[in-house]
Amino acid sequence: MIAEVRDRSGGGNGSAGMHQQGSMLDGIRVMDFSTGVAGPYAAKLLADAGAEVVKVESGEGDPVRRWSATRAGFEGDSALFQFLNASKRGILGHPGDPEVEELVATADVVVESFPAGRGTGRAWAKRHPHLVVLSVTPYGQDGPLASHPFTEYTVQAQSGAIACRGRPDQPPIHAGGGIADWTAGAYAGPAVLSCLLRARRTGHGEYIDLAVADVIGIAATTFSDLAHSMRGGGHDFDRVARSVEAPSIEPAADGWVGFNTNTALQYQGFVLMIERPDLIDTEWSQIGVRASRLDEWNSMVHPWTSRHTVAQIIEAASELRVPVAEVNDGCTVLDNEQFAARGVFVPNPGGFLQPRPPYLMNDAGEPRPASPAPRLGEHTASVPPRPRPEPPPLARDPDGGPEPLLSGRDPDGGPEPLLSGRAPDGGPEPLLSGRAPDGGPERPLAGIRVVDLTSWWAGPSATGTLAMLGADVIHIESTGHPDGMRMTGFMFGTEDWWEWGSMYVAVNSNKRGLTLDLDTEAGLNLLWRLIDGADAVVENFSPRVTEKWGLSWEAISARNPRLVFMRMPAFGLSGPWRERVGFAQTMEQLTGMAWVTGHSYDQPRIMRGPCDPIAGMHGAYALLLGLAVRERTGRGVFVESTMVEAALNCSAEQIVEYTAYGNVMQRAGNRGPYAAPQGLYPCRSHEQSHERWLALAVATDEQWRALVEVLGAPEWADRPEYATDAGRREGHDALDAGLSAWAAEHDLEDAVTRLVSAGVPAAPAWDPRLQSEHPQFVHRGLFETVEHPVVGTHPVPGMPYRFASVDRWITSPSPTLGRHNHEILTELGLSPDEIARLEADQIIGTRPKGL
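What you see is a predicted model; the values in this text were computed from it and never measured.

1. A few points about the pattern of salt bridges
Per the stated rule, a full pass over the model turns up 52 salt bridges. D209 is paired through a salt bridge with R802; the nearest N and O atoms lie 3.4 Å apart. Here R802 lies in strand β24 (residues 801-803) and D209 lies in strand β6 (residues 206-211), a separation of 593 residues in the sequence. We note a salt bridge from R356 to E645, for which the minimum N-O separation is 3.3 Å. Here R356, found in the loop between β11 (353-355) and β12 (359-361), pairs with E645, found in helix α22 (residues 643-650); they are 289 residues apart in sequence, far enough to count as distant. The class of R356 is buried, set by a relative accessible area of 1%. The network of salt bridges with shared partners includes D142, D209, D214, R780 and R802.

Spelled out as structure tokens, the structure:
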């Protein structure tokens, strides 16, 4: 298989003049004590960027060394381990060993996944104030669930990320491929790197307590809790929490093809494609109608899609600018023409293919060749301690003067522009400065200014993360084309419905909002003035839109040589798919994520969410790498962070399983490769309209024995053939039947309590509409009460990690349309009369045009 797939890596190399990776973090040392996926993936992000990562193991080492999702036989270390740990060094040791403690004391970053409550990471952070310490656990370091037995599946259930997915007439389904752990690793990236940049400037480290449940609760529930609160809240539900999109994945003559219709124009294009123009101005244009009458809708769609091949449908949909993609698995994804043209799949030193890092950057230095993942303890005697890290000398400004690279000083060497975030009259800094209320260290990105030209979820989640981390982010829209996610508010039916998009409200906290008509000379001139005083510009329009405005790297860097310009295209700035539009649904269909999600008796199903924040977190991380390069060189860089390639990195397990072993991972409903039995079982309910699902997963033989004891050792369970994982997989159907009968006789809370007390991973499939009431989320303060000037006061999620230096993440609500027009334009030096003329000419405004 390895020889067969070598030529499928393609001959492309991405965008001309761009590097796949480089030594952006040269000189940084990371001690990686983590196991599994989330922590090692976070450390991999650092290794890919040139950091020296030392993996510390004990005993038999990271269990992933022996793991294959398809139960492949192999010698040595698994392909997944080699993907996650390439370019790292490996030593044997334990916390407390003098040699290990000396290495920790002189490192820059520590990543660990020790059991919650152990306190090792927190102690290191206190003992060595310069250190950035990332602790990754399922539920966080403390709280009512912190010590619960778990698997990735039960974490999804607790977070609300299972109950929201699937057809209402079928059991809910989890998102496959271990996506919670991969997404957690991606979220860790910008948190760690922003704190590292601050530590290198100031000597102030950070303790980061990341919870996987918090991550997937944000990334995979489409902010159902906030939407429910905005509708009035309460517990009186007339329907289940789950639904599926329509159209989505549909049958073709030769496979499956995926769509999404996030906008009215995309819906119109879709019904024109299936030759049903009569459906345009009808009730079928409403998302809720299609979801609630799914079989009737499918009866109108499937006759057309089933008569055409995937290739024919993709061509027809693309002509109408309807987001579309083939639905791939770990084998067929390798044949995609866009990935081949861009050279996305590269050889791992272990002899299989993997996706490259999902960003490209100019002027980042030559890429460091990947080295093989370390054998267990391979470098134990060859990793010496080093002097304690010192803040680096300040880089020089391009004009020759010394300057802190994060100061935000105007590139001409003059005083700070008014966009610094201080009040124009010299008054106190607003909350967006990021300064800790107790006088502690500022948020990591305090002083950074970002011009945010993004919309929907992927781009705004990147810039939203930067805002949470302390940057002054100015979100730019126009009254003619507001942020598309804002426009989903029409479903609330309020007078000012464009302010009621719940996902917009959730993603854009801590930003300032400005409207500019960029199709006018006046609007574009104002944008350039903003760019002159910014540290970064981020955009995620289709390539032709940005280029229409003349926002090229050459033009931007000529105006502001220190600026980092990041573009976040769906498929990349090169290749045959360059001009295609794509959303999270498209990426889940194209990269294999949908292939491993869904009941085995049904079709592939999209995950509905994770790909947007996955793209956003990789984008935020890539931008911070750009700032790291600027800190070293004094000059800005151009960054290309591609949405689909971020998704490929978080579905890499399918690719490495196929190219290493020839095995294709499959969907299996609520079963999975990590535990058996694993599934959802309906418990007794006192109200017929309320579903009560028990999520259970047995990952070890010890857990199985404990489960049998809780069940009372019935004959159907207490059988010798079930003593092993292989036997339980063989008898999964019979076990499901027995567990379903047992669960039906028990209340959900009682069942979970008994199982967890016995050490069996179990959880309720929590209703995502009630996330903010979950005791664990309440304990961690994941949801913060935010007063919005239009939609009212609601619980809004902050970040899925806690910093020792931050008490509260959200300092201001998402901006209403044009909320900060006067403030920002005054900072640019415009007079009240000039601002009034801009309003009269509709260059700026606070209502969508035509409303």
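2. Some remarks on the side chain of H788
Tracing the sequence through the fold places H788 in strand β22 (residues 783-788). Judged by its relative accessible area of 5%, H788 is buried. One polar contact links the side chain of H788 to the main-chain amide nitrogen of V790, over a distance of 3.0 Å. Only 3.2 Å separates the side chain of H788 from the backbone nitrogen of V791, close enough to count as a polar contact. Apart from the residues lying within four places of it in its own chain, the contact partners of H788 are E499, V505, P813, S814 and T816.

3. Things to note about the packing of aromatic side chains
A complete count under the given rule lists 25 aromatic pairs for this structure. Between F339 and F345 the ring centres are 5.8 Å apart and the planes differ by 85°, which places this aromatic pair in the edge-to-face class. Take F339: its relative accessible area is 1%, and that puts it in the buried class. In this structure F345 comes out as buried when scored by relative accessible area, which is 2%.

4. Topic: the environment of Y681
With respect to the helices and strands, the residue Y681 is situated in strand β19 (residues 678-682). We classify Y681 as buried; its relative accessible area is 2%. Considering only alpha carbons, one finds Y681 and A737, 56 residues apart in sequence, at a separation of 9.3 Å. In this structure the side chain of Y681 is engaged in a polar contact, spanning 2.6 Å, whose partner is the side chain of D736.

5. Remarks on helix α13 (residues 310-319)
When α13 is considered as a whole, its buried residues turn out to be V310, I313, I314 and A317. Projection of α13 onto a plane perpendicular to its axis shows the buried side chains occupying an angular sector of 100°, all on one side. Residues of α13 that are exposed and angled more than 90 degrees away from the buried face: A311, E315 and E319. Of the surrounding secondary structure, the elements contacted by the buried residues of α13 are β7 (249-252), β8 (255-259), α10 (264-273), α12 (294-305) and β9 (324-326). The first or second residue beyond α13 is R321, which carries a positive phi of 55°.

6. Examining the packing of helix α6 (residues 152-159) against helix α8 (residues 212-219)
Where α6 meets α8, the axes come as close as 9 Å, and the angle between the chain directions of the two elements is 55°. Between α6 and α8, the crossing angle belongs to the class labelled oblique. In this structure, α6 crosses over α8, and the sense of that crossing is right-handed. Residue-level contacts link V155, Q156 and S159 of α6 to V212, A213, I216 and G217 of α8. When its residues are assigned to classes, the contact of α6 with α8 shows four nonpolar, three polar and no charged.

7. Quick word on unusual backbone geometry
Residues A246 and P247 are joined by a peptide bond in cis, for which omega reads 0°. The omega torsion of the bond from A676 to P677 falls at 0°, within 30 degrees of zero and hence cis. Of note, P677 is situated in the loop between α23 (652-661) and β19. For F223, which is not glycine, the phi torsion reads 55° and is therefore positive. Here F223 is to be found in the loop between α8 and α9 (224-230). Using a relative accessible area of 6% as the deciding quantity, one classes F223 as buried. Unusually for a residue other than glycine, A713 sits at a positive phi of about 50°.

8. Considering a nonpolar patch on the surface
Taken together, the side chains of I287, F490 and M491 define a hydrophobic patch exposed on the protein surface, amounting to about 310 Å² of accessible area. Within the secondary structure layout, M491 lies in the loop between β14 (472-477) and α16 (502-507).

9. Considerations on the sheet that holds strand β21 (residues 762-764)
Reading across the sheet, the three strands line up as β19-β20-β21 and stay open at both edges, with antiparallel pairing between neighbours. What marks the edges here is a single partner per strand, and that holds for β19 and β21. Adjacent strand axes in the sheet meet at a mean angle of 20° when their direction is disregarded. Relative to β19, helix α26 (residues 732-744) is tilted by about 35°, and along the sheet it contacts β19 and β20 (693-697).

10. A word on the pairing of β22
Relative to strand β23 (residues 792-797), β22 is paired through six bridges, and the arrangement is antiparallel. Bridge pairing in β23 links V786 to H794. Two successive antiparallel strands, β22 and β23, enclose a turn made up of three residues.

11. Topic: α26
Think of an α-helix as 3.6 residues a turn; residues three or four steps apart then line up on the same face. Taking 1.5 Å per residue, 13 residues should reach 18 Å; α26 reaches 18 Å between its end C-alpha atoms and fits that length. Buried residues of α26: H732, L735, D736, G738, L739, W742 and A743, and no others.

12. Points about the side chain of S135
Mapping S135 onto the fold places it in strand β5 (residues 132-137). Looking at S135, the relative accessible area reads 0%, which means it is buried. Discounting chain neighbours no more than four positions away, the residues touching S135 are E112, G121, Q141, Y207, I208, D209 and L210.

13. Considerations on the sheet that holds strand β17 (residues 564-567)
As summarised here, the arrangement of the seven strands in space is β12-β18-β17-β16-β13-β14-β15, forming an open sheet in which the pairing is mixed. Edge positions in the sheet fall to β12 and β15 (512-515), since each of these pairs with one other strand and no more. Shown here is a sheet whose adjacent strand axes are inclined to one another by a mean of 20°, direction ignored. Note: β14 against β15, four bridges, orientation parallel. Following the sheet pairing, I474 is matched in β15 by R512.

14. With respect to the confidence of the model for the chain
Detailed reading of predicted coordinates is not advised where the pLDDT is low. Counting all residues, the mean pLDDT for the chain is 90, and 90% of those residues have values of 70 or more. The model gives residues 2-7 a pLDDT under 50, and that stretch makes eight contacts with residues more than four places away or in other chains. Low confidence marks residues 394-437, where pLDDT is under 50. Its contacts with residues over four positions away, or in another chain, come to 96 contacts.

Reading the values: rules and limits
- Residues numbered from 1 in each chain as written.
- Predicted model: local features only at pLDDT ≥ 70, side-chain atom pairs only at ≥ 80, totals over all residues.
- Heavy atoms only, no water.
- Salt bridge = Lys/Arg side-chain N within 4 Å of Asp/Glu carboxyl O.
- Helix = DSSP H or I, 4+ residues; strand = E, 2+ residues; numbered from the N terminus.
- Buried < 20%, exposed > 50% of the residue type's maximum accessible area, 1.4 Å probe, protein only.
- Polar contact = N/O pair within 3.5 Å; in protein donor to acceptor, adjacent residues only side chain to side chain.
- Contact = heavy atoms within 4.5 Å.
- Phe/Tyr/Trp six-rings, centres within 6.5 Å; stacked < 30°, edge-to-face > 60°.
- Arc of directions from axis to C-beta.
- Axes fitted to C-alpha atoms, helices over the stretch in contact; angles between N-to-C directions.
- Parallel < 35°, antiparallel > 145°, perpendicular 65-115°, else oblique.
- Left-handed = near helix turned anticlockwise from the far one by under 90°.
- Nonpolar A, V, L, I, M, F, W, Y, C, P; charged D, E, K, R; others polar.
- Patch = residues over 30% accessible without salt bridge, like charges linked within 9 Å, V, L, I, M, F, W, Y side chains within 5 Å.
- Areas by Shrake-Rupley, 256 points an atom, 1.4 Å probe, with all protein chains shown as cover.
- Pairing = 2+ DSSP bridges.
- Expected span 1.5 Å × (residues − 1).
- pLDDT = per-residue confidence, 0-100.

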